[in-house]
Amino acid sequence: MTKTDMTLEIGVAVSGNIDAGGTLVATATYTQTGADPASQGVVDQYGSIDLTKMNYDSAQYNSRTDIVFNLSGTITDASGNSVPFGFPADANSAVTITVPAGGSGTEIVPQSGTSSQQLILDDQDEDGDTYQYCLAPVAQPAGGNPIPFQLDPRIVNR
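**Focus on the sheet that holds strand 2 (residues 24–36)**
Then, in step 1: Ordered in space as 2-1-4-8-7, the five strands form an open sheet in which the pairing is mixed. Edge strands, defined here as strands with exactly one partner in the open sheet, are strand 2 and strand 7 (108–112). Between one strand axis and the next, the sheet turns through 25° on average, direction left out of account.

Right, here's the structure in full:
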């Protein structure tokens, strides 16, 4: 029997404003929107992820966890117009992962999702370390330059 990856789905509801000078201030609320296997309380409202709370069954699943981020919400410009935003096409530019104590960065691999609103982190979830991750979406005002912004929670591995 082939074992599958566990999956954790996270909704990232962004709220932001771009002022007349082009400065973007954004916040996000995180919601666990799904998990396979079914698991409760893996993600808190600030986006911190504790993979030790996944209901891991070694007979059915391997130790990897696919963490799927789905953006939603609204960013407005100084005139109140909605501004589109999403992850950059290069998944490595869509997130920064800080490795504990200067260790190897191969534990978590970013992958593009099915749209610019989705990012997937393929986490080996096996080293027991805690990682900081910083999502890096980009807002695209009409007629203006792209504005990158950051959202910065953490991941605790099994």
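**Topic: the side chain of E107**
Then, in step 1: With respect to the helices and strands, the residue E107 is situated in the loop between strand 6 (95–98) and strand 7.
Then, in step 2: An unpaired buried charge is present at E107: no salt bridge exists, and R64, the closest side chain of opposite charge, is 7.9 Å distant.
Then, in step 3: Residues contacting E107, with those up to four places away along its chain left out, are D122, D123, Q124, D125, E126, D127, Y131 and N157.

**A look at the pattern of salt bridges**
Once their charged atoms are close, side chains differing in charge can pair, the charge on each being opposite to the other.
Then, in step 1: A complete count under the given rule lists one salt bridge for this structure.
Then, in step 2: Of the charged contacts, one joins R64 and D122 as a salt bridge, the two residues approaching to 3.0 Å between their closest N and O atoms. On the criterion of sequence distance, the pair formed by R64 in strand 4 (residues 61–76) and D122 in strand 8 (residues 118–123) is long-range, its members being 58 residues apart.
Then, in step 3: Its relative accessible area of 27% is what places R64 among the partly exposed residues.
Then, in step 4: Given the relative accessible area of 11%, D122 is considered buried.

**Here's the deal with the sheet that holds strand 5 (residues 85–86)**
Then, in step 1: The antiparallel open sheet is built from three strands, whose spatial order is 5-10-11. The sheet terminates laterally at strand 5 and strand 11 (147–148), the two strands that pair on one side only.
Then, in step 2: For strand 5 and strand 10 (residues 138–139), the ladder comprises two bridges, and the chain directions are antiparallel. Each residue of the ladder has a partner; that of F85, found in strand 10, is A139.

**Topic: the pairing of strand 1 (residues 4–18)**
Along any regular strand, the residues point their side chains to alternate faces of the sheet.
Then, in step 1: Pairing geometry for strand 1 and strand 4, over 13 bridges, is parallel. Bridging across to strand 4, L8 finds its partner in I67.
Then, in step 2: Strand direction decides the pairing type here: strand 1 and strand 2, joined by twelve bridges, are antiparallel. Along strand 2, the bridge assignment pairs E9 with G34.
Then, in step 3: As consecutive antiparallel partners, strand 1 and strand 2 are separated by five residues, and within that stretch G22 has a phi angle of approximately 90°, a positive value.

**Considering the nonpolar core**
The tendency in soluble globular proteins is for nonpolar side chains to be buried as a group.
Then, in step 1: The biggest cluster of nonpolar side chains holds 35 residues, and the ones touching the most others in it are I10, V12, I49, F69, I75, L135 and I155.
Then, in step 2: At the level of secondary structure, the elements contributing two or more residues to this core comprise strand 1, strand 2, strand 4, strand 8 and strand 9 (130–135).
Then, in step 3: It is strand 1 that provides the largest number of residues to this core, a total of six residues.
Then, in step 4: The residues touching I155, leaving out its near neighbours within four places in the chain, are I49, L51, I67, I108, L121, D123, D129, T130, Y131 and Y133.

**Details of the packing of aromatic side chains**
Then, in step 1: The tally for this structure, following the rule as stated, stands at two aromatic pairs.
Then, in step 2: Here the aromatic rings of F69 and Y133 are separated by 5.3 Å at their centres, their planes lie at 45°, and the arrangement is tilted. Remark: Y133 occurs in strand 9 and F69 occurs in strand 4; sequence separation between them is 64 residues. A single burial state applies to F69 and to Y133, both of which are buried.
Then, in step 3: With a centroid separation of 6.3 Å and 65° between ring planes, the pair formed by F85 and F149 is classed as edge-to-face. Taken together, the positions of F85 in strand 5 and F149 in the loop between strand 11 and strand 12 (154–156) put the pair 64 residues apart, joining distant regions of the chain.

Conventions adopted
Residues numbered from 1 in each chain as written. Predicted model: local features only at pLDDT ≥ 70, side-chain atom pairs only at ≥ 80, totals over all residues. Heavy atoms only, no water. Pairing = 2+ DSSP bridges. Helix = DSSP H or I, 4+ residues; strand = E, 2+ residues; numbered from the N terminus. Axes fitted to C-alpha atoms, helices over the stretch in contact; angles between N-to-C directions. Buried < 20%, exposed > 50% of the residue type's maximum accessible area, 1.4 Å probe, protein only. Lys, Arg positive; Asp, Glu negative; His and termini not counted. Salt bridge = Lys/Arg side-chain N within 4 Å of Asp/Glu carboxyl O. Contact = heavy atoms within 4.5 Å. Core = buried A, V, L, I, M, F, W, Y, C linked by side-chain atoms within 4.5 Å. Phe/Tyr/Trp six-rings, centres within 6.5 Å; stacked < 30°, edge-to-face > 60°.

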